[in-house]
Amino acid sequence: MASRGWTRRDFLKGSGAAVGALVLAGCTRTGGGGAGGDPLQAARSSGTIQVGIAGEAPYGFTDASGKITGEAPEVARAVFRNLGVNTVLASQVDFNQLIPALNAGKFSVVAAGMFITPERCKNAAFSIPDYIAPTAFLVPAGNPEGVTSFEDVAKKKLNLAVLSGAVEKDYAQRLGVPDAQVQVFDTQNALLQAVTNKRVYCAALTNISLNDLVRKSPGAQVEVTKGFTPVINGRPEVQAGAFVFRTPDTSLRDAFNTELKKLHDSGEWVRIAEPFGFTQDNLPPAGVTTEALCAGS
């Protein structure tokens, strides 16, 4: 959930000052459920709400002009406008600190394209799924080894690059790729360099992230394979991103869900998300629910 070295997990070094200038209150406790109040009422009264991002394009990042943007912040702005809150401020923290910072009251919502997982559901409450993002591989132009799955990587004994803390490493291990074939990197740019420098044959990440990386790397002799959903032990590993709330903040989450669903159903979500590489195909199917993903099914 990037560019630069953007990564869904890591802090975007170098843009923290710009974000700090935008969010002077980012290190103070927000009003709301964490403090025993109603965060929706507080946001409507003040006209502002604070969200947390991790500094990764195309999910949530700071652009060259210093604006906080990306799919999640822009969708959040549309939702909160419909809830009578016209200003969305952003605090940027390390990806792994988003939920702890949320629960500490640093902001009221995580808007970072965070995937719904059973472990995260133990510590926070997710919105309805906002999007789905299939897995893909970054490969040399022409994909001479014909890699389309983790099983191919294992069978062909190819070296694979993954991001530190990413779900793709787990997928690779569970689908038979030996640890000796897996190399871990801290940024998406490092994945790109590993493939172009032939340190690895391919890199695994979501197709949204890899397509964004390739768009921002003109001239790189690489391509992105078709997206797919890994099937492990007979169960599809659906990657669905969502917004995250403190567990007690049910009124805020419920109101947000209502407006997010309207954006999905009206087609407005596609208009907002398209500039960031999302399409109609990234809308979650009806059978993909937060409850099921939290339960690991």
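Keep in mind that what you see is a predicted model, and the values were worked out from it rather than measured.

Time to look at helix α9 (residues 207-215). Helical geometry: 3.6 residues make up each α-helical turn, so side chains three or four residues apart lie on a common side. What α9 keeps buried is the set N207, I208, S209, L210, D212 and L213. Turning to α9, the residues buried within the fold contact β7 (131-132), β8 (135-140), α8 (188-196), β11 (202-206) and β12 (222-224).

The strand order across the open sheet built from five strands is β10-β9-β11-β8-β12, with neighbouring strands paired in mixed fashion. Each edge of the open sheet carries a strand with a single partner, namely β10 (182-185) and β12. Recorded for the sheet is a direction-independent mean angle of 30 degrees between the axes of neighbouring strands. Here β8 runs beside β12; their pairing, made up of three bridges, is antiparallel. Bridge assignment links L138 to a residue of β12, and that residue is V224.

Summed over all chains, the structure comprises 12 salt bridges. Here D212 makes a salt bridge to K216, at a shortest N to O gap of 3.2 Å. Under the relative-accessibility criterion, D212 is labelled buried at 5%. Between R246 and D249 there is a salt bridge, with its nearest N and O atoms 3.1 Å apart. A single burial state applies to R246 and to D249, both of which are buried. The network of salt bridges with shared partners includes D170, R174, R235 and E237.

Let us now look at the layout of surface pockets. Size it by volume and the second largest pocket reaches roughly 240 Å³. Lining the second largest pocket are 13 residues; nearest its centre among them are K261, H264, P284, P285 and A286. Listing elements by their share of the lining of the second largest pocket, those giving two or more residues are α10 (250-266) and α12 (290-294). Counting residues per element, the lining of the second largest pocket draws most heavily on α10, at three residues. Classifying every residue of the lining of the second largest pocket by side-chain character gives seven nonpolar, three polar and three charged.

Looking now at the side chain of T206. Among the secondary structure elements, T206 is positioned in strand β11. Residue T206 is classed as buried on the basis of its relative accessible area of 0%. At a separation of 3.1 Å, a polar atom in the side chain of T206 contacts the side chain of S209.

Where helix α3 (residues 71-82) meets α10, the closest approach of the two axes is 9 Å, and the angle between their N-to-C directions is 110 degrees. Viewed along their axes, α3 and α10 adopt a mutual orientation that is roughly perpendicular. The segment α3 lies against α10, with V75, A76, A78, V79, F80 and N82 engaging L252, F256, E259, L260 and L263. For the contact of α3 with α10, the residue count by class is nine nonpolar, one polar and one charged.

What follows is about the packing of aromatic side chains. Geometry of an aromatic ring pair is reported as the spacing of the ring centres plus the angle between the planes. Summed over all chains, the structure comprises 13 aromatic pairs. Centroid distance F137 to F150: 5.1 Å. Interplanar angle 70 degrees. Geometry classified as edge-to-face. A residue pair is termed long-range when its members are at least 10 positions apart, and F137 in strand β8 and F150 in helix α6 (residues 150-155) qualify at 13 residues. Considered together, F137 and F150 belong to a single accessibility category, that of buried residues. Both rings, one in F150 and one in F228, keep their centres 6.0 Å apart while their planes meet at 65 degrees; by these two values the pair is edge-to-face. Here the residue F150 occupies a position in helix α6, and F228 occupies one in the loop between β12 and β13 (231-232), the gap between them amounting to 78 residues. Residue F228 is classed as buried on the basis of its relative accessible area, which comes to 17%. Chaining the aromatic ring pairs together yields one cluster made of Y59, F115, Y131, W269 and F278.

Conventions and cut-offs
- Residues numbered from 1 in each chain as written.
- Predicted model: local features only at pLDDT ≥ 70, side-chain atom pairs only at ≥ 80, totals over all residues.
- Heavy atoms only, no water.
- Buried < 20%, exposed > 50% of the residue type's maximum accessible area, 1.4 Å probe, protein only.
- Helix = DSSP H or I, 4+ residues; strand = E, 2+ residues; numbered from the N terminus.
- Contact = heavy atoms within 4.5 Å.
- Pairing = 2+ DSSP bridges.
- Axes fitted to C-alpha atoms, helices over the stretch in contact; angles between N-to-C directions.
- Salt bridge = Lys/Arg side-chain N within 4 Å of Asp/Glu carboxyl O.
- 1 Å grid on protein atoms, 1.4 Å probe; cavity = no way out; pocket = protein on both sides within 12 Å on 5 of 7 lines; lining within 4 Å.
- Points joined across faces, edges and corners; volume = space filled by probe spheres on them.
- Nonpolar A, V, L, I, M, F, W, Y, C, P; charged D, E, K, R; others polar.
- Polar contact = N/O pair within 3.5 Å; in protein donor to acceptor, adjacent residues only side chain to side chain.
- Parallel < 35°, antiparallel > 145°, perpendicular 65-115°, else oblique.
- Phe/Tyr/Trp six-rings, centres within 6.5 Å; stacked < 30°, edge-to-face > 60°.

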